[in-house]
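Residues per chain, in single letters:
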Amino acid sequence: MEFTLSNGRNIPCPGFGTFKTPDGNICIDSVREAIAAGYTHIDTAAVYGNERSVGEGVRQSGKSREELFITSKLWNTERGYDSTLRACEKTLKDLGTDYLDLYLIHWPANEMQFGSKATDINLDTWKAMERLADEGCVRSIGLSNFYASHMQPILASANIAPTVDQIEYHPGLLQEETIALCREHAILVEAWSPLGRGKLLEDSVLLKIASAHGKTTAQVLLRWCVQNDVLPLVKSVHAERIHQNLDFFDFTLSPSEMEETASLPEARYGSHPDTATF
Ligand code: A2P
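All of these numbers come straight from a predicted model, not from anything done at the bench. (Residues numbered from 1 in each chain as written. Predicted model: local features only at pLDDT ≥ 70, side-chain atom pairs only at ≥ 80, totals over all residues. Heavy atoms only, no water.)

Caption draft 1: Layout of the packing of helix H3 (residues 81-95) against helix H5 (residues 118-135). Contact geometry of H3 with H5 gives a least axis separation of 8 Å together with a crossing angle of 45°. Viewed along their axes, H3 and H5 adopt a mutual orientation that is oblique. Here H3 and H5 pass one another in a crossing that is right-handed. Touching Tyr-81, Thr-84, Leu-85 and Cys-88 of H3 are Asp-124, Thr-125, Lys-127, Ala-128, Met-129, Arg-131 and Leu-132, all from H5. Among the residues forming the contact of H3 with H5, the class breakdown is six nonpolar, two polar and three charged. (Axes fitted to C-alpha atoms, helices over the stretch in contact; angles between N-to-C directions. Helix = DSSP H or I, 4+ residues; strand = E, 2+ residues; numbered from the N terminus. Parallel < 35°, antiparallel > 145°, perpendicular 65-115°, else oblique. Left-handed = near helix turned anticlockwise from the far one by under 90°. Contact = heavy atoms within 4.5 Å. Nonpolar A, V, L, I, M, F, W, Y, C, P; charged D, E, K, R; others polar.)

Caption draft 2: Region of interest: the packing of aromatic side chains. For the structure shown, the criterion picks out seven aromatic pairs. On the basis of an interplanar angle of 45° and a centroid distance of 5.2 Å, the ring pair of Phe-19 and Tyr-48 is categorised as tilted. In this pair, Phe-19 is assigned in the loop between strand E3 (15-17) and helix H1 (25-37) and Tyr-48 in the loop between strand E4 (41-43) and helix H2 (51-61), connecting sequence segments 29 residues apart. Residue class for Phe-19 comes out partly exposed when judged on its relative accessible area of 35%. Aromatic rings pair up to connect Trp-75, Trp-107, Trp-192 and Phe-278 into one cluster. Sitting over the ring of Tyr-99, Arg-139 keeps its end group 3.9 Å from the ring centre. Sitting over the face of the ring of Phe-251, Arg-223 holds its NZ or CZ atom 6.0 Å from the ring centroid. (Phe/Tyr/Trp six-rings, centres within 6.5 Å; stacked < 30°, edge-to-face > 60°. Buried < 20%, exposed > 50% of the residue type's maximum accessible area, 1.4 Å probe, protein only. Lys NZ or Arg CZ within 6 Å of the ring centre and 35° of its normal.)

Caption draft 3: Unusual backbone geometry, seen in detail. Of note, the bond from Cys-13 into Pro-14 is cis; its omega dihedral lies within 30 degrees of zero at 0°. When you line up the elements, Pro-14 lands in the loop between strand E2 (10-12) and E3.

Caption draft 4: View of the environment of Leu-102. Turning to its location among the elements, Leu-102 is positioned in strand E6 (residues 100-105). Owing to a relative accessible area of 0%, Leu-102 belongs among the buried residues under this scheme. For Leu-102 and Ile-11, which are 91 residues apart along the polypeptide, the C-alpha to C-alpha distance reads 9.3 Å. When sequence neighbours within four positions are dropped, the list of residues in contact with Leu-102 reads Ile-11, Phe-69, Ile-70, Thr-71, Ser-72, Ser-140, Ile-141, Gly-142, Thr-163, Val-164 and Glu-190.

Printed below as a string of structure tokens:
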């Protein structure tokens, strides 16, 4: 399936994640395997240190560039106008492509680290993202780990609106305030760690729902995202799981199963953008 971004471009669902995928053969093989299995959307980031291997996996897949949707992200050390432009150039070179389908600011500069300068840093970075979009080396631009308070100043002054916000999202972390703002501005929400870093997979409520549909808990979690209009990015380096994680379009969670899933205890597996100091 595909979602449509506010700029009219389509984005395939699910996306294949590569966070923590080791650089080298493991990454090359998992990307090639994912594309062979049917993923056409690959998500990476400069800080993952595997962009060259992602690029190699893409080349080995034999697919043409136009058949694939590739996302990367600007790392925190490169925020600001000039360094954002340079960082994107390096990402394109490492991936071996002349454009990205989607480029995201990986984390907002926050007040804990940057005090009153945080907003200006984010606005300068966004201006560079707009220039990259204008120049065509990036087809869509967006945000990652921006919560409502980080997004507001950008929404108030952007010439090109963000199309995506990629945030940690799974049962136990429903992100209601940020998602409400995204909906208001037609920003697509993408979920990182939709499986709760794998820690939700043994949950007894999810096991019961999965068994009722003859599916796995991973498939229930991915289905739950999509039924909430959120695009999951799912990572695995194992062929069987790579295939399994695409196979969640042949069942529907009932309203009560959606609700039960949404009612799992609060949980956060990654950093909070307000307190991240990396
Ligand atoms: P692996 O790459 O070894 O398969 P999240 O996306 O929530 O961060 O979770 C990713 C973790 O879940 C990874 O450790 C990945 O491990 C594991 N994983 C991915 N898909 C599945 C699956 N279908 N079943 C079990 N574990 C999975």
